[in-house]
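For reference, the chains in residue letters:
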Amino acid sequence: MKITDNILYVGVNDHKVDLFEGQYRVPNGMSYNSYVILDEKTAVMDTVDGEFGEQWLQNVEGALQGRKPDYLVIQHMEPDHSANIPLFLERYPEAQVVSTPPAFKMMNQFFTLEMGEKQVIAANGGELVLGAHKLQFVYAPMVHWPEVMMTYEAENGILFSADGFGKFGALDVEEEWTGEARRYYMGIVGKYGLQVQNVLKKAAGLGIRMICPLHGPVLRENLEYYIGLYDTWSSYRPERDGVTVAYASIYGNTRQAALYLAEELRKKGMAVSTYDLARDDMAAALADAFRYSKLVLACNTYNAGINPFMHDFIVRLVDHNYQKRTVGLIENGSWAPMAAKAMRAMLEESKEITFAEHTVTLLSAMKQENTAQLEALAEELV
C-alpha cells in the first residue's frame, strides 16, 4: 500500500489473536504496522509480531524491489513491534539499527545480538538524512513505555507515531475509528496522560499532515479531530455529558436497580451506557467511564467487601488515573451492606472525584422506597 510515492506500507493483519496483550478482546483482529522509506538510502520503520516474521519480510522485500535496506528504525520495543529484529538482521546483515539508548538496552534483554557498529543512537531532536527524506526523532517516554520515540518525516509532514493514535482491529475490516481507538487508548496508554500531553506540545510545531501509527489505519484527513480527542483523553476531560452505569450482581436485584436508574436517566434525556461487569467487555466499560462525565457503580456486598468484578473494575479505574468525574453509588446487602463504603474507599486515591449526595441502599431486593431513592439519584445526576 502506498503512503506516498516513496513510502510504502509493509505491515500485516492478525486474525489469530483473540486477546491483545493477553487481556483486550479484539474480535476484528489487530494490525501490526511497518513502513519502508525509499530514497538515496532506505529505511524500514519497525517490525511486526513474531508470528508474522516471514510474511513481513516478504512485504519488505517486495517494497525494496531488489534494494538493500540501510536502516531499521525501532520506535518501540514491545514484542508486537520488535520481535523480528533478529530475523531482519539475519536477512540484511549490513543494515544499521536506529533507536534510543533505553531501547538498545531492552534489545539486549529480549535478544542476544552483537550490534557493534550497527547500532545508531537516535538523539532526541536528532536527524537521520536519507536524501530528500529527513527523519527527526521525538522522544516520547512513557507513551507508553520508557524507550518510545516518534519520528517526523519533514518532506511529507508525516508523524510515525509509535503506539500513539493506534486502535484495535485489522486493516482489512472496516469499522468506525473512534470507539476502538478510545478503548485502545484508555486501556493501554490512559495512565500516562501527562506524558501524552508533553508529546502533543512537541508535535504542535511539526506541521503534521499525516499520522502513521503502529496499529490501525494511516490518518490522512481531519487530523484536528484525532489530535483533539487525544488532547481530551490525555487531560482526562469528559468527551460529553452522560452517565456510565456499571454493575455487578449475584441474583439480579442489584442489576434491577442499576437498569431502573439507567432508564430514569434516559427519560430525562441523558446519554447512558450500561455494563454488566461479569459479562460485558470491561475494557469497553473503562473507555465509557472516561468518555462520559458521570459514573454510577452498583454492587452487592460480598465477603464484607464488594463483588470481585466490581473490585477489578475500580482497580482499573484508579490504575488509569480516573479523575474529574461525578460518581454515584448503589449498594446491596442482606445483613450488613458495606459495598458503598468499600467502593468509595477504593476511589479515594482518584483526583477530583465528586460523590453524589444520594447513595442508594438495597436490603436484599428492590422495594418501593428504593425507586424513590433511585429517582432522586437520577435527578441529582441530571
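Use the structure listed above.
The notes below deal with the structure included here. Every value quoted in this text rests on a predicted model; they were computed, and no experiment measured them.

What to know about the sheet that holds strand β9 (residues 96-99)
Taken together, the six strands give an open sheet; going across it, the order is β1-β6-β7-β8-β9-β10, and neighbouring strands pair in mixed fashion. The open sheet has two edge strands, β1 (7-9) and β10 (119-121), and neither has a second partner. Averaged over all pairs of adjacent strands, the angle between their axes in this sheet comes to 25 degrees, without regard to strand direction. The sheet contact formed by strand β7 (residues 43-45) and strand β8 (residues 71-73) spans three bridges and is parallel. In the strand pairing of β8, A43 is matched with Y71. Across the sheet, helix α1 (residues 53-64) touches β1, β6 (35-37) and β7, and the angle it forms with β6 is around 25 degrees. Packed onto the sheet, helix α4 (residues 101-110) meets β9 and β10 and runs at close to 120 degrees relative to β9.

Thoughts on unusual backbone geometry
Across the junction of V143 and H144, the peptide omega takes the value 5 degrees, indicating a cis bond. Among the structural elements, H144 can be located in the loop between β12 (134-139) and β13 (149-153). In the Ramachandran plot, E21 falls in the positive-phi region, its phi being about 55 degrees despite a non-glycine side chain. Tracing the sequence through the fold places E21 in the loop between β3 (19-20) and β4 (24-25). The class for E21 is partly exposed, based on a relative accessible area of 36%. Of note in this structure, A304 is not a glycine but carries a positive phi near 65 degrees. For A304, the position within the fold is in the loop between β18 (292-302) and β19 (305-306).

Notes on the nonpolar core
When a protein is soluble and globular, its nonpolar side chains tend to lie buried together. Within the largest apolar cluster, 97 residues are counted, with the highest numbers of intra-cluster contacts made by L297, M310 and F313. Of the residues forming this core, the biggest block, eight residues, is contributed by helix α9 (residues 282-291). Not counting the four nearest positions on each side in its chain, F313 is found in contact with A246, L277, M282, A285, L286, A289, L295 and L297.

Remarks on the side chain of R183
Looking at the secondary structure, you find R183 in helix α5 (residues 177-189). A polar side-chain atom of R183 sits 2.9 Å from a polar atom in the side chain of E180. Those residues within four positions of R183 in sequence are excluded, and the remaining contacts are R25, V26, P27, F168, D281, A283, A284 and A287.

Brief notes about the sheet that holds strand β14 (residues 158-160)
Taken in spatial order, the five strands line up as β11-β12-β13-β14-β15 in an open sheet, and their pairing is mixed. Since the sheet does not close on itself, it has two edges, and those belong to β11 (127-129) and β15 (210-212), each with one partner. Sheet twist, expressed as the mean angle between neighbouring strand axes with direction ignored, is 20 degrees. Here β14 runs beside β15; their pairing, made up of three bridges, is parallel. Looking at β15, one finds that L159 is bridged to I211.

Side note on a nonpolar patch on the surface
Nonpolar side chains collect at one region of the surface, where I250, Y251 and Y302 lie side by side and expose about 380 Å² of accessible area between them. As for its placement among the helices and strands, Y302 is situated in strand β18.

Some details on helix α8 (residues 253-267)
Its 15 residues place the ends of α8 21 Å apart at the C-alpha level, agreeing with the 21 Å of an ideal helix rising 1.5 Å per residue. Buried within α8 we find T254, A257, A258, L261, A262, E264 and L265. The arc that holds every buried residue of α8, seen down its axis, measures 160 degrees, which confines them to one face. Its buried side turned inward, α8 meets β16 (240-248), β17 (272-276), β18, β20 (325-332), β22 (360-362) and α12 (368-381).

Some words on the packing of aromatic side chains
Inspection of every chain in the model, using the stated rule, returns 18 aromatic pairs. Centroid distance W56 to F88: 5.9 Å. Interplanar angle 40 degrees. Geometry classified as tilted. With W56 in helix α1 and F88 in helix α3 (residues 85-91), the pair connects residues that are 32 residues apart, well separated along the chain. Exposure class is identical for W56 and F88. Each is buried. Measuring from centroid to centroid gives 6.4 Å for W177 and W233, while their planes differ by 10 degrees, and the two rings are stacked. Taken together, the residues W177 in helix α5 and W233 in helix α7 (residues 223-234) connect sequence positions 56 residues apart. A single burial state applies to W177 and to W233, both of which are buried. Here a set of aromatic residues connected by ring pairs shows up, and it is made of F165, W177, Y185, Y225, Y226, Y230 and W233. Its guanidinium or amino end placed over the ring of F355, R344 lies 4.3 Å from that ring's centre, counting from NZ or CZ.

Rules and cut-offs
Residues numbered from 1 in each chain as written. Predicted model: local features only at pLDDT ≥ 70, side-chain atom pairs only at ≥ 80, totals over all residues. Heavy atoms only, no water. Pairing = 2+ DSSP bridges. Helix = DSSP H or I, 4+ residues; strand = E, 2+ residues; numbered from the N terminus. Axes fitted to C-alpha atoms, helices over the stretch in contact; angles between N-to-C directions. Contact = heavy atoms within 4.5 Å. Buried < 20%, exposed > 50% of the residue type's maximum accessible area, 1.4 Å probe, protein only. Core = buried A, V, L, I, M, F, W, Y, C linked by side-chain atoms within 4.5 Å. Polar contact = N/O pair within 3.5 Å; in protein donor to acceptor, adjacent residues only side chain to side chain. Patch = residues over 30% accessible without salt bridge, like charges linked within 9 Å, V, L, I, M, F, W, Y side chains within 5 Å. Areas by Shrake-Rupley, 256 points an atom, 1.4 Å probe, with all protein chains shown as cover. Salt bridge = Lys/Arg side-chain N within 4 Å of Asp/Glu carboxyl O. Expected span 1.5 Å × (residues − 1). Arc of directions from axis to C-beta. Phe/Tyr/Trp six-rings, centres within 6.5 Å; stacked < 30°, edge-to-face > 60°. Lys NZ or Arg CZ within 6 Å of the ring centre and 35° of its normal.

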